[in-house]
Amino acid sequence: MIKAVIFDMDGVLVDSEPFWQQAEMAVFPKYGVPITLADTLKTQGLRIDHVVQYWYSRHPWDNASVKQVEAEILDAMVAVIRAQGQPMAGVIPALTQLQQAGLPLAVATSSPAILMDATLDKLGIRDYFQATCSAEQLPLGKPHPQVYLDAAEAIGVAATDCLAIEDSFNGLLSAKAARMQVLAIPDRDHRNDPRYVIADQRLGSLNEFDLSHWQ
């Protein structure tokens, strides 16, 4: 029986993958990176510094620092979130169901705090969560489990008593490494990915979420 629920943000609370794709495809080509829409899926679920380093190692540029490119992508992301951000299907009903059940809720994201804050404010869901944790300042982001362990500690619940809700395989690995139960909601590009068999449950969207399954 779970005692708390920890949500990933990108791809779970907000359909931000298209936003990341927009930002990456607007910025990387300026520095000579021949990125395509399909290429953006290779780094899904990774922290922004790891994404930029991934492409820098393959197509190094010399007209800006890695940190400058990170900042440029983040600025583009914040602008798109503020303009287009909407809760994903089933988010509000699921949050309401969990809140009414009295379960503590947290966010554990690889995204920087500036994006987390912009998203929670734009969606109007900040008050559902007792804690919000970003892997921004950690030595490693997902698939390392630290951000999930930090979120569990922040709400005072053992990691083994938490349910994590994830969309990416890197996030799934992160939560599993923290010894949490995991509900996976893969996007359509990964819906048939056999690696997701390690999730405790797989759904098409949060519209299908039923707390009784976990009780």
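Asks: Which parts of the structure should I look at to understand the packing of aromatic side chains?
Replies: If you walk through the whole model with that rule in mind, you get 6 aromatic pairs. Ring centres of Y31 and W61 lie 6.0 Å apart, and the angle between their planes is 45 degrees; this geometry places the pair in the tilted category. Remark: W61 occurs in the loop between α3 (48-58) and α4 (66-84) and Y31 occurs in the loop between α1 (17-27) and α2 (37-40); sequence separation between them is 30 residues. Accessibility assignment for this pair places Y31 and W61 in one class, buried. Joined through ring pairs, the aromatic side chains of F28, Y31, Y56 and W61 make up one cluster. The side chain of R58 reaches across the aromatic face of Y54, ending 3.5 Å from its centre. Taking NZ or CZ as reference, R195 lies 4.1 Å from the ring centre of F169, over its face.

Asks: Honestly, the sheet that holds strand β6 (residues 201-202) in this entry has me stumped. Any pointers?
Replies: Think of a sheet as strands paired side by side through backbone hydrogen bonds, with each pair either parallel or antiparallel. Overall, parallel pairing links the 6 strands, which are arranged β3-β2-β1-β4-β5-β6 in an open sheet. Each end of this open sheet is capped by a strand with a single partner; those strands are β3 (131-134) and β6. When strand β1 (residues 4-7) meets strand β4 (residues 162-166), the two strands line up parallel, connected through 4 bridges. When the bridges of β4 are listed, A4 appears paired with C162.

Asks: I'm lost on the packing of α1 against α4 in this one. Help?
Replies: The description of two helices packed together rests on the angle between their axes and the distance between the axes. α4 packs onto α1 with a crossing angle of 140 degrees between their chain directions and a minimal axis gap of 9 Å. Of the possible angle classes, the one that applies to α1 and α4 is oblique. Crossing of α1 against α4: the hand is right-handed. Between α1, through F19, W20, Q22, A23 and V27, and α4, the contact on the second element is made entirely by V69, E72, I73, L74, A76, M77, V80, I81 and Q84.

Asks: Help me understand the side chain of Q44 in this model?
Replies: For Q44, the location among the structural elements is in the loop between α2 and α3. Reaching out from Q44, the side chain makes a polar contact with the side chain of H190 at a distance of 3.3 Å. In contact with Q44, not counting residues within four places along its chain, are E17, D167, S168, N170, D187 and H190.

Asks: Even after reading the chapter, I still don't get the pairing of strand β5 (residues 181-184), so can you show me in this structure?
Replies: Two faces belong to every sheet, and in a regular strand the side chains alternate between them. Two elements, β4 and β5, share 4 bridges in a ladder whose sense is parallel. Paired with E166 across the bridge in β5 is A184. When β5 meets β6, the two strands line up parallel, connected through 2 bridges. By the bridge assignment, A184 is partnered in β6 with R202.

Cut-offs used in this document
- The residue count restarts for each chain, going from 1 along the sequence in the order it is written.
- At least 70 in pLDDT is required for a residue's local features to be given in this predicted model, at least 80 for side-chain atom pairs to be given and counted, and no such filter applies to totals for whole chains, interfaces and linings, which use all residues.
- Computation of side-chain values: all heavy atoms of the structure, hydrogens and water removed.
- Pairing of aromatic rings covers Phe, Tyr and the six-membered ring of Trp, with a centre-to-centre limit of 6.5 Å; geometry is then stacked below 30 degrees between planes, edge-to-face above 60, and tilted otherwise.
- The secondary structure listing takes helices from DSSP runs of H or I that are at least 4 residues long and strands from runs of E that are at least 2 residues long, numbered from the N terminus.
- The buried label goes to any residue with under 20% of its type's maximum accessible area, the exposed label to any with over 50%, and the partly exposed label to all in between, with areas taken from a 1.4 Å probe on protein chains only.
- Whether a charge sits over a ring depends on NZ of Lys or CZ of Arg being within 6 Å of the ring centre and within 35 degrees of the ring normal.
- Strands qualify as paired when DSSP identifies two bridges or more between them.
- Only the contacting stretch of a helix is used when fitting its axis, a line to C-alpha atoms as for every element, and angles between N-to-C directions run 0 to 180 degrees.
- Oblique is the label for every angle not falling under 35 degrees (roughly parallel), over 145 degrees (roughly antiparallel), or within 65 to 115 degrees (roughly perpendicular).
- Two helices cross in a left-handed way if the nearer one is turned anticlockwise from the farther one by less than a right angle. They cross in a right-handed way if the turn is clockwise.
- Contact between two residues is taken to exist if any of their heavy atoms lie within 4.5 Å; hydrogens are not considered.
- Residues adjacent in sequence count toward polar contacts only when both atoms are side-chain atoms; beyond that, a polar contact is any pair of N or O atoms within 3.5 Å, and within protein one must be able to donate a hydrogen and the other to accept it.

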